[in-house]
Amino acid sequence: MTSVTELAAGSERAAVETDSRRPRGTTEPPNGGTAPPTPRRTRRSLTPLWLLTPAGIVVIALILIPIGFLLFTSFTNFDQRSLFTGAFDWTGITEYTSIFTNVDFWWSLLRTVLFTAAMVAGSVVIGMGVAQLLTRLGTAMKYIVTVVLILAWAMPNVASAQVWKWLFQPGYGVINWLLTQTHLFGNVLNVNWPQDTSLAFFCIWLLVVWQAVPFIALTLYAAQSQVSQEYVEAARLDGANEWRVYWNVTIPFLRPTLMLMIILSVIWDFNVFNQIWLVSQGGPNDATMTLGIYTYVNAFVSFDLGNGSAIAIVTTVILGLLSAFYVRSLLRSGEDL
Amino acid sequence: MSAPTLISGPLAPSGTKVVRATPGRHGKRRWIATLIAIVFSLIWVFPVYWMINTALKPQSEVMTPTPLFFPLHPTLSNFIDAVNNSTFLDNLRSSLIVVVASVLVSAAIAFFACAALTRFRFRGRRVIMVTILVVQMLPSVALLIPTFLVFNDFNLVGSYLGLILAYIAMVLPFSIWILRGFFIAVPVEIEEAARVDGASDWRILRSVLFPLVAPGIISTSIFAFIAAWNEYILAYTFMKDNTMYTLPIWLASFSTPHSGTDFGGQMAASVLFSLPVVIFFLIIQRKLVSGIAAGAVKG
């Protein structure tokens, strides 16, 4: 959803594992109905049902039914007129054949995959570097870096997108001015990043990576401080240099955390919407038109809601597969759902 | 989070005096790390610095051929303009109505749901947990389209109620997921003791569990607040009337009566909008980082 859930996910994992004690389900037997229940127990076993009812209503009425409705709409030609008249036709798989034969769809899918790969690679590699850097700093410097990371992490992406447009503004933007001062690229004062087919994505990439690095760096740093020092010392005794120690001792220790970070980043970066929409609106010439933007433009700009729904269903299926990986690796890491 | 010291006692490896890098090399390495850290911090903090710097500049210093790295005549006029010469106050009210309502409702629902999910064993519990986990990963556009269509039929598009319902659907799954961790941390023995004393389920929930997980409810609500406060695309698509816009829409389409693009005003607006989030972030920051540390032991 919104990328702010990122920060939630950080501590969500967090809070979950703070205690290894698992509730033993109070006094309830597994409600399998095998034991002859006393009246009191029968009454009590209904308690979870009551407690879950409000959440169930919300999830079913506001999430599951809408997704069902999305599937339904994807088989119709629902459009702007239908919004007012309520009239639309059942068109079967026409919307699907039309998107799969539309080259724009394939381009936006390819673009999304490449963007996601670039953003995940960038944020994970930089995040690993910063985590490693944090282990080598004195207390004061460590504190400064942490505060800087948290500032970048906390900035709402609607605000940071505004800041980005100002930083990269042609004419008076400070980035162009700084680049011109280096004399490496000549006079680039008037380069319009968000409106340049090759630079627009790089500009958004910087924005996404800037906000994604803190979560990854702080999580990996926390994991890294758990790495058993004996192994590190043993490796040093055997004459391993810093790089070997990192590669052969630290990385294997970090692997489960790293896997989770990568999977979560893939899911989040695949869903990046605000940053692209606010900086370039998918332009110029569709250069930053990812699946999310493509769906939105189809559904709410050209108001071809049937078509937009079909694309959204395809996106949902892709993300469903990615989430399956996430759930599997969570379960592997010992999470008790 | 200092590096764990070596175990002493019988289990300690014989060579506790391990070969370390010589002091000179060590010092040099620390020095290089510090240098890299300074460069990194300067780059990473720069966008935030530039936002604040621009927000504090008078109109004449915002767009200069050579950018000014600090305001020569710092002023709050951009902030005053942003608040007075725009729909800020209306939109602040909209944001507060929608965010507070959806956060409170979600927190209450999540509290009951977590009590059921952590305090009882029943069939289908795992399925529910996986569902809650997976629906968080859905792209927002996928929910946006059908929600828009359904709400359109019920005349909820453009109303606060519609947006509140949509935000509850957005924040409830992760509220349950976060709050669940706090429930798990409460030892079952406490409730068992209350139960032995004859307390009913409802009473245990109200007088035993609720006070114990109250800090968790606050953290969860802060997360939910941040998510709802920052939400843009749902509000942008749903709200028609510009006095009913929420603050993200106000910010994204910011304008004041000044001629041309008013970057000073825009940056002041960005600061105003980000401030509550940053403050909340700093409140939960400790939980955030130490929590992550705990999670990473297993994760």
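All of these numbers come straight from a predicted model, not from anything done at the bench.

1. Considerations on the overall build of chain A
Thinking step 1. When you go through chain A residue by residue, the secondary structure sums to 15 helices and 0 strands.
Thinking step 2. Of all 337 residues assigned to chain A, the portion counted as buried reaches 45%.
Thinking step 3. Residue pairs at least 24 apart in sequence account for 68% of intrachain contacts in chain A once pairs closer than 6 positions are excluded.

2. Topic: the environment of Gly216(B)
All names here are of chain B.
Thinking step 1. You can see glycine 216 is positioned in helix H9 (residues 201-230).
Thinking step 2. Here the alpha-carbon distance between glycine 216 and glycine 181, two residues 35 residues apart in the chain, equals 8.4 Å.
Thinking step 3. If we skip the residues at most four places from it in the chain, glycine 216 touches Leu179 and Phe182.

3. A look at unusual backbone geometry
The phi torsion of most residues other than glycine is negative, and most of the peptide bonds are trans.
Residue and element names in this part refer to chain A.
Thinking step 1. For glutamine 281, which is not glycine, the phi dihedral falls at a positive 55 degrees.
Thinking step 2. By the secondary structure assignment, glutamine 281 is in the loop between helix H13 (274-279) and helix H14 (291-301).
Thinking step 3. One non-glycine residue, aspartate 286, lies in positive phi territory at about 65 degrees.
Thinking step 4. In this structure, aspartate 286 sits in the loop between H13 and H14.
Thinking step 5. We classify aspartate 286 as partly exposed; it has 16 C-beta atoms within 10 Å.

4. Some thoughts on the packing of helix H3 (residues 47-73) of chain A against helix H7 (residues 160-184) of chain B
Thinking step 1. Relative orientation of the contacting elements H3(A) and H7(B) amounts to 125 degrees, with a least axis distance of 10 Å. Looking at the two axes, H3(A) sits oblique to H7(B). For the crossing formed where H3(A) meets H7(B), the hand is left-handed. Taken together, the residues of H7(B) that come into contact with H3(A) (itself represented by Ala55(A), Val58(A), Leu62(A) and Ile63(A)) are Leu165(B), Ile168(B), Ala169(B), Leu172(B) and Ile176(B).
Thinking step 2. Residues belonging to the contact of H3(A) with H7(B) are distributed by class as follows: 9 nonpolar, no polar and no charged.

5. Overview of the confidence of the model for chain A
Interpreting fine coordinate detail is not advised for predicted regions of low pLDDT.
Residue and element names in this part refer to chain A.
Thinking step 1. Across chain A, the average pLDDT comes to 83, with 85% of residues at or above 70.
Thinking step 2. The lowest-confidence element of chain A is helix H1 (residues 5-16), averaging 40 in pLDDT; the highest-confidence one is helix H6 (residues 103-134), averaging 95.
Thinking step 3. Low confidence marks residues 1-43, where pLDDT is under 50. Its contacts with residues over four positions away, or in another chain, come to 92 contacts.

6. A look at the packing of H3(A) against helix H4 (residues 88-119) of chain B
Thinking step 1. Running from N to C, H3(A) and H4(B) cross one another at 135 degrees; their axes reach a closest spacing of 8 Å. Classified by the angle their axes make, H3(A) and H4(B) are oblique. Judged by the twist between their axes, the crossing of H3(A) over H4(B) is left-handed. Packed against H3(A), whose contacting residues are Pro48(A), Leu51(A), Leu52(A), Pro54(A), Ala55(A) and Val58(A), the element H4(B) presents Ile109(B), Phe112(B), Ala113(B), Ala115(B) and Ala116(B) at the interface.
Thinking step 2. Here the residues of the contact of H3(A) with H4(B) sort into 11 nonpolar, no polar and no charged.

Parameters and conventions
- Residues numbered from 1 in each chain as written.
- Chains lettered and ligands numbered in written order.
- Predicted model: local features only at pLDDT ≥ 70, side-chain atom pairs only at ≥ 80, totals over all residues.
- Helix = DSSP H or I, 4+ residues; strand = E, 2+ residues; numbered from the N terminus.
- Buried ≥ 20, exposed ≤ 12 C-beta atoms within 10 Å, placed from the backbone.
- Contact = placed C-beta atoms within 7 Å.
- Axes fitted to C-alpha atoms, helices over the stretch in contact; angles between N-to-C directions.
- Parallel < 35°, antiparallel > 145°, perpendicular 65-115°, else oblique.
- Left-handed = near helix turned anticlockwise from the far one by under 90°.
- Nonpolar A, V, L, I, M, F, W, Y, C, P; charged D, E, K, R; others polar.
- pLDDT = per-residue confidence, 0-100.

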